[in-house]
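Analysis of the macromolecular model
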Amino acid sequence: MATQQGAGGGEAHEVSITRTVTVHSPLQTNQNSTLLSLSNLDRQCPVLMYLIYFYKPPPQPDMSVGSLFESLKVGLEEILSVWYPASGRLCLNPNSGKLDLLCNNGGAVLVEAVTDAKISDLGDLSQYKRFYEELVYKPELHGMQSLSDMPLVVSQVTKFDCGGYAVGVGTNHSLFDGQANFDFLLSWACKTSRRGVGSLEVTEPIHERDRLLVKNQHQKEMRVLAFDHLHQLIQQAVQAPNLDDVKFGEEVVLRTFHVGCVKIEDLKQKVMGGQGGTAVPSSSSFEVVAAHLWKTRTKALNLSRGRLVCLQFAVDARTKMVPPLPKSFSGNAFVLASIACSAGALEDETLQSIVAKIKAAKAAVTESYVKAYLEALEAMPTQRSPLPPLPELTIISDWTRNPYHTVDFGIGRAAYVAPMATPVPQAAYFMQGTGEVGGVDVRVGLESHSLLAFCESFV
């Protein structure tokens, strides 16, 4: 049982776990005990990443948490026969010493819980509260020796006192990237609810990573800007520490901002030449919001003008390979594109110029870039030192193509889907909002000293 202060700082609420089960695929397949070789993209971040789905009370308010739990369990059992790596465990390859995945049907973990809180007690669901930590299951781990015991998929279904639900799902990032994670959840929801998924497509996953493995075929040396820029930021942090480094050691505040259609259209008009400068036609919502976010966040940090700053954003390599990777590829297939300049230069840049640089960085991600990226990761040591604070780095991941709120486990569409803190809490996630079509919800971690200045300028 856990107790957390209420969302508004008032009454405390309890979350009580009533049941914990390990869910296995009921099928004994040829994949059991198979070692799946992970790519270097998979090995970057072997930790659980969490999303919480909030559902208002369903039409049948007398639905018990036990009934939903059983439906989730049966649905999960069914899809684990197809998504069999999700029932496996990470392991260290005895030959290479690198991280791989043993498909041993070790199982996913499913937890049932109840709380005396009502969903209305939480207020704005898009804004993070400490109480959210009680709505996800966190296995107790004790370092690398516990790898073989760590489930790769965990989920907690919590019934609120009002009849609503939270379904908190954690998936290991070595297993899925954002696209594959959405495909997995959509498949699970389809099996659980026994409903279709409308215009969305449930695909048969492709788990083999062969085309993203480094096989000692070194190509001509190609610079990978994402790593070059990161190295420059680390050198800057070590050789010329920011005078305000004490500020950047403070806790990051997670906030969500809704960028509406009117604001996005205004940004696009500026990029098309509405405020002078070189026009950049046909800019996407991602490009203009990313440019606006980078410039606003950097200015709010109040860095010295000579400080190097960097924007990195995820690009899907599925379509960059020749031929393209299957759309249903289930592993990690995102690499980072990168732009860097001084804080002063960024402040003086027009939105048009920043968007043009984003377009150029995106276009630079070719098959050759992806292969060079994989080889650069291959050359890195298995055990890496933690990075120093890098407030000058802005990282963006675009989830707007995946309508997470439409995932229906049999109790309707989600009222909201909230991502939890990640290993890089300053990272920004662009998501579809649950209200205005075409708007973008931006979840970002901000240093508390920069929060006010950012809020005043961003929206």
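This section reports on the structure supplied with the text. Please read all numbers here as calculations on a predicted model, not as lab measurements.

**What to know about the environment of Arg43**
Mapped onto the elements of the fold, Arg43 is located in the loop between strand 3 (34-36) and strand 4 (48-55). Measuring from C-alpha to C-alpha, the distance between Arg43 and Leu377 comes to 9.2 Å, with 334 residues separating the pair along the chain. When near neighbours in sequence (up to four residues on either side) are disregarded, Arg43 contacts Leu38, Lys98, Leu99, Asp100 and Ser174.

**What to know about the sheet that holds strand 5 (residues 89-92)**
Strands sit in the order 3-6-5 across an open sheet of three strands; the sheet is antiparallel. The two strands at the open ends of the sheet, each matched to only one other strand, are strand 3 and strand 5. Strand-to-strand, the axes of this sheet are offset by a mean angle of 40°, without reference to chain direction. Inspection of the sheet shows strand 5 paired to strand 6 (residues 99-103) by four bridges, in the antiparallel sense. Directly across from Cys91, in strand 6, lies its bridge partner Asp100.

**Observations concerning unusual backbone geometry**
With an omega of -5°, the peptide bond running from Val322 to Pro323 counts as cis. At Asn105, a residue that is not glycine, the phi angle is positive and equals roughly 55°. Inspection of the secondary structure assignment puts Asn105 in the loop between strand 6 and strand 7 (108-115).

**Quick notes on the packing of helix 3 (residues 225-239) against helix 9 (residues 367-378)**
Following both chains from N to C, one finds helix 3 and helix 9 inclined at 45°, their axes separated by 9 Å at the closest point. The orientation of helix 3 relative to helix 9 falls into the category oblique. Contact residues: Leu225, Ala226 and Phe227 in helix 3; Tyr369, Tyr373, Ala376 and Leu377 in helix 9.

**As for the pattern of salt bridges**
All told, the structure shown has 20 salt bridges when counted by the stated rule. Arg318 is paired through a salt bridge with Asp177; the nearest N and O atoms lie 3.0 Å apart. On the criterion of sequence distance, the pair formed by Arg318 in the loop between strand 11 (308-316) and strand 12 (334-342) and Asp177 in the loop between strand 9 (165-172) and helix 2 (178-193) is long-range, its members being 141 residues apart. Since its relative accessible area comes to 4%, Arg318 is described here as buried. Close ionic contact of Arg307 with Glu392 constitutes a salt bridge, the shortest N to O distance being 2.8 Å.

**Side note on the sheet that holds strand 12**
An order of 10-16-15-13-11-12 is seen for the six strands of this open sheet, with the pairing classed as mixed. In this open sheet, the two edge strands, each paired with only one partner strand, are strand 10 (252-259) and strand 12. Recorded for the sheet is a direction-independent mean angle of 20° between the axes of neighbouring strands. In terms of strand pairing, strand 10 meets strand 16 (residues 440-447) through eight bridges, oriented antiparallel. The partner of His258 across the bridge, within strand 16, is Asp441.

**Focus on the packing of aromatic side chains**
Enumeration according to the criterion identifies 20 aromatic pairs in this entry. Here the aromatic rings of Phe176 and Phe184 are separated by 5.1 Å at their centres, their planes lie at 35°, and the arrangement is tilted. Take Phe184: its relative accessible area is 0%, and that puts it in the buried class. Here Phe286 and Phe430 contribute two aromatic rings whose centre-to-centre distance is 5.6 Å and whose plane-to-plane angle is 55°, an arrangement assigned as tilted. With a gap of 144 residues between them, Phe286 in helix 6 (residues 285-301) and Phe430 in strand 15 (residues 428-432) connect regions that are remote in the sequence. Chaining the aromatic ring pairs together yields one cluster made of Tyr53, Tyr55, Trp83, Phe176, Phe184, Trp188 and Phe409.

**Details of the pairing of strand 7**
In terms of burial, strand 7 is a largely internal element, seven of the eight residues being buried. The sheet contact formed by strand 2 (residues 12-23) and strand 7 spans eight bridges and is antiparallel. By the bridge assignment, Thr22 is partnered in strand 7 with Val109. Bridge analysis of strand 7 against strand 8 (residues 153-159) gives six bridges, and the strand direction is parallel. What sits directly across from Glu112, in strand 8, is Val157.

**Examining the side chain of Ser81**
With respect to the helices, strands and loops of the structure, Ser81 is situated in the loop between helix 1 (65-80) and strand 5. By relative accessible area, Ser81 is classed as buried at 19%. Among the polar contacts made by the side chain of Ser81, one reaches the main-chain carbonyl oxygen of Glu78 at a distance of 2.7 Å. If we ignore the near neighbours within four places in the chain, the residues touching Ser81 are Ser25 and Leu27.

**Notes on helix 10 (residues 451-458)**
Here helix 10 has its buried residues at Leu451, Phe454 and Phe458. For helix 10, the arc enclosing every buried residue in end-on projection is 65°, short of the 170-degree limit, so these residues lie on one face. Summarising the geometry of helix 10, the exposed residues directed more than 90 degrees from the buried face are Leu452 and Glu456.

**Some details on the packing of helix 6 against helix 10**
Packing of helix 6 against helix 10 brings their axes to within 8 Å, and their N-to-C directions diverge by 145°. Relative to helix 10, helix 6 is oriented so that their crossing is right-handed. Across the interface between the two elements, Val289, His292, Leu293, Thr296, Arg297 and Ala300 from helix 6 touch Ala453, Phe454, Ser457 and Phe458 from helix 10. When its residues are assigned to classes, the contact of helix 6 with helix 10 shows six nonpolar, three polar and one charged.

Rules of the game
- Numbering of residues starts from 1 in each chain and follows the order in which that chain's sequence is written.
- Reporting of local features is limited, given that this is a predicted model, to residues whose pLDDT is at least 70; pairs of side-chain atoms are given and counted only at 80 or more, and all residues count toward the totals for whole chains, interfaces and linings.
- Only hydrogens and water are set aside; all other atoms, that is, all heavy atoms of the structure, feed into the side-chain values.
- Think of it this way: any DSSP run of H or I at least four residues long counts as a helix, any run of E at least two long counts as a strand, and we number them from the N terminus.
- Should any heavy atoms of two residues lie within 4.5 Å, those residues are considered in contact.
- Two strands pair under a simple rule: DSSP has to find at least two bridges between them.
- An axis is simply a line fitted to the C-alpha atoms; with a helix, the fit covers only the stretch in contact. Between two such axes, the angle follows the N-to-C directions and lies from 0 to 180 degrees.
- Orientation categories follow fixed angle ranges, with anything under 35 degrees roughly parallel, anything over 145 roughly antiparallel, 65 to 115 roughly perpendicular, and all other angles oblique.
- Salt bridge criterion: a side-chain nitrogen from Lys or Arg within 4 Å of a carboxyl oxygen from Asp or Glu.
- For each residue, the accessible area found with a 1.4 Å probe, counting protein chains only, is set against the maximum for its type, and the residue is called buried under 20%, exposed over 50%, and partly exposed in between.
- Centres within 6.5 Å are what make two rings of Phe, Tyr or Trp a pair, Trp counting through its six-membered ring; a difference in plane orientation under 30 degrees is then read as stacked, over 60 as edge-to-face, and the rest as tilted.
- We call two N or O atoms a polar contact when they sit within 3.5 Å, provided that within protein one can donate a hydrogen and the other can accept it, with sequence-adjacent residues counted only if both atoms are side-chain atoms.
- To obtain the arc, one takes the directions from the helix axis to the C-beta atoms.
- Throughout, a crossing is termed right-handed when the near helix is turned clockwise from the far one, and left-handed when it is turned anticlockwise from it by less than a right angle.
- Asp, Glu, Lys and Arg are counted as charged, while Ala, Val, Leu, Ile, Met, Phe, Trp, Tyr, Cys and Pro are counted as nonpolar; the rest, among them Gly, fall into the polar class.

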